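Examining the three-dimensional arrangement
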Amino acid sequence: MFSLNKKELKKPESGKSATEQPEAAAAKAKKEEKDWLKDENIMVYVMPENFRVQKTGGDNSKMTGLFIIGGGLFFFLIASIGMYFYLFKTKPAPQPTAQVEQPAVVKKENTPTPIATPASETSKPAKETEPVISTTTPTTTPSQTPPVAAAPATFILGEDKDGDGLTDKEEAVLGADPASRDSDKDSYEDGQEVLSGYDPAQAAKKIAENKKLGSYDNKTYNYNFLYPIAWEVTKSGGDDSITVKSPDNQFFQVIVQPNPAKESILDWYKKQFNYQEVTAGMNISGNEWEGIKNKNGSIVYLVDKNKKYIITLNYGTGESAAADYLSIFGIALRSFAIK
Ligand SMILES: [Ca+2]
Ligand SMILES: [Ca+2]
């Protein structure tokens, strides 16, 4: 490019000095060329530089302004982000705390669960009022599960004039003396004799020998127990459910139901009544059976040795407010035997 320019610029010069000596002309041309080159260099070099300086100078001030604006914007942006994080990031922070409060609400729901534990403690009174087989209808058809109803935690015992542990009515049933604590004069009190398996009406005789008691035998389920022979025995639903009723409509019931899972009486009882604990005093055992009794001894759930059946024995006072035959029920229970 330069060489082309040189040639182009050289031509008019050489044209002008066509009359001059070729050498001098050449030298002059060379000098001119140099000058021109100088000029050209200056021109070429300086002009853009000035240009650039001016431009860059203008750009600098512009850039500074822009930089200030940009910086301001940047600062504003940072400040905005800061504000955002302060306002909204601290807000989501309360949100987690609100979520922490939600578990606190769950804790509040858990506090009802402790309330539910008092509720299970309120089921303790239900534990006191143990499920009882209906006391008013002794002739109900037996179902798989014995019909249950609330029973008083403690019975009001019938009158016991001589205070020997047997009610006047029980003494009458057994042929003992309601006015004597030791009816057969063998030095043992009537109530104690019954509890020990002895006849309070006959000295040195077992309770099974009492003339007013007989054995009820259930052929289907192979169990037997002592009961007052003067009382009426009725069956309802075959041999599954039998009722032994006193003349004044108090009664015992013996209800048999299958135990397909072959559960122990403890497992069955817990499942049946949702009881968390069975205290040692509730355990009872007899001839070929294990059972659980309620507090006042008016209900016993028992299982036979082979865990084939669950048998429920219960005593109901019927329409009577007083329990006149709890010791007679005790005789039946203690004598209850599975063959
Ligand atoms: Ca008595
Ligand atoms: Ca005696």
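Residues numbered from 1 in each chain as written. Chains lettered and ligands numbered in written order. Predicted model: local features only at pLDDT ≥ 70, side-chain atom pairs only at ≥ 80, totals over all residues.

1. Re the overall build of the protein chain
Regarding its fold elements, the protein chain presents 8 helices and 14 strands. Among the 339 residues that make up the protein chain, the fraction classed as buried is 26%. Taking the contacts inside the protein chain whose residues are at least 6 apart along the sequence as the reference set, 50% of them involve residues at least 24 apart. (Helix = DSSP H or I, 4+ residues; strand = E, 2+ residues; numbered from the N terminus. Buried ≥ 20, exposed ≤ 12 C-beta atoms within 10 Å, placed from the backbone. Contact = placed C-beta atoms within 7 Å.)

2. Regarding the environment of Asn283
With respect to the element layout, Asn283 can be found in strand β9 (residues 283–286). Residue class for Asn283 comes out partly exposed when judged on the 13 C-beta atoms lying within 10 Å of it. Residues Asn283 and Leu266 lie 17 residues apart in sequence; the distance between their C-alpha atoms is 8.9 Å.

3. A closer look at the sheet that holds strand β14 (residues 337–338)
By definition, the strands of a sheet pair up through backbone hydrogen bonds, in either a parallel or an antiparallel sense. One open sheet accounts for 3 strands, arranged β4-β5-β14; its pairing is antiparallel. The sheet terminates laterally at β4 (213–218) and β14, the two strands that pair on one side only. Two elements, strand β5 (residues 223–228) and β14, share 2 bridges in a ladder whose sense is antiparallel. Bridge assignment links Asn224 to a residue of β14, and that residue is Ala337. Helix-sheet contacts for helix α8 (residues 326–335) involve β5 and β14, and the interaxial angle to β5 is about 160 degrees. (Pairing = 2+ DSSP bridges. Axes fitted to C-alpha atoms, helices over the stretch in contact; angles between N-to-C directions.)

4. Thoughts on the sheet that holds β9
As summarised here, the arrangement of the 7 strands in space is β6-β7-β8-β12-β11-β10-β9, forming an open sheet in which the pairing is antiparallel. The open sheet has two edge strands with one neighbour each: β6 (232–236) and β9. Averaged over all pairs of adjacent strands, the angle between their axes in this sheet comes to 20 degrees, without regard to strand direction. Where strand β11 (residues 299–304) meets strand β12 (residues 309–316), 5 bridges bridge the pair, whose relative direction is antiparallel. Along β12, the bridge assignment pairs Val300 with Leu313.

5. Quick look at the nonpolar core
One finds Tyr227, Phe252, Ile311, Phe329 and Ala332 to be the most contacted residues of the largest nonpolar core, which totals 46 residues. Those elements giving two or more residues to this core turn out to be α5 (168–174), β5, β7 (241–245), β8 (251–258), α7 (265–273), β11, β12 and α8. With 6 residues, the top contributor of residues to this core is α8. (Core = buried A, V, L, I, M, F, W, Y, C linked by C-beta atoms within 7 Å.)

6. Details of the pairing of β6
Inspection of the sheet shows β6 paired to β7 by 5 bridges, in the antiparallel sense. Looking at the pairing, Lys235 lines up with Ile242 of β7.

7. Quick notes on α7
Residues separated by three or four positions in an α-helix point in the same direction, a consequence of the helix having 3.6 residues per turn. Along α7, the residues classified as buried are Ile265, Trp268 and Tyr269. The arc that holds every buried residue of α7, seen down its axis, measures 95 degrees, which confines them to one face. Where the residues of α7 are buried, they touch β10 (289–293), β11 and β12. Immediately beyond the C-terminal end of α7, within one or two residues, lies Asn274, with a positive phi of roughly 55 degrees. (Arc of directions from axis to C-beta.)

8. Some details on unusual backbone geometry
For Asn222, which is not glycine, the phi dihedral falls at a positive 55 degrees. Relative to the elements of secondary structure, Asn222 occurs in the loop between β4 and β5. For Asn222, a count of 13 C-beta atoms within 10 Å translates into the label partly exposed. The phi torsion at Lys307 lies on the positive side, around 55 degrees, for a residue other than glycine. Topologically, Lys307 is positioned in the loop between β11 and β12. With 17 C-beta atoms packed within 10 Å, Lys307 lands in the partly exposed category.

9. What about the environment of Tyr227?
Examined against the element boundaries, Tyr227 turns out to sit in strand β5. By the C-beta count within 10 Å, which is 23 here, Tyr227 ends up buried. With 14 residues separating them in the primary sequence, Tyr227 and Leu213 have C-alpha atoms 5.4 Å apart. Sequence-distant contacts of Tyr227, that is, excluding residues within four places in its chain, are made with Leu213, Gly214, Tyr216, Val244, Phe252 and Ala332.

10. Section: the environment of Gly318
Locating Gly318 in the fold gives a position in the loop between β12 and β13 (322–323). On the basis of neighbour counts, which here come to 15 C-beta atoms within 10 Å, the residue Gly318 falls in the partly exposed class. Linking Gly318 and Ser246, residues 72 residues apart in sequence, is a C-alpha distance of 9.9 Å.

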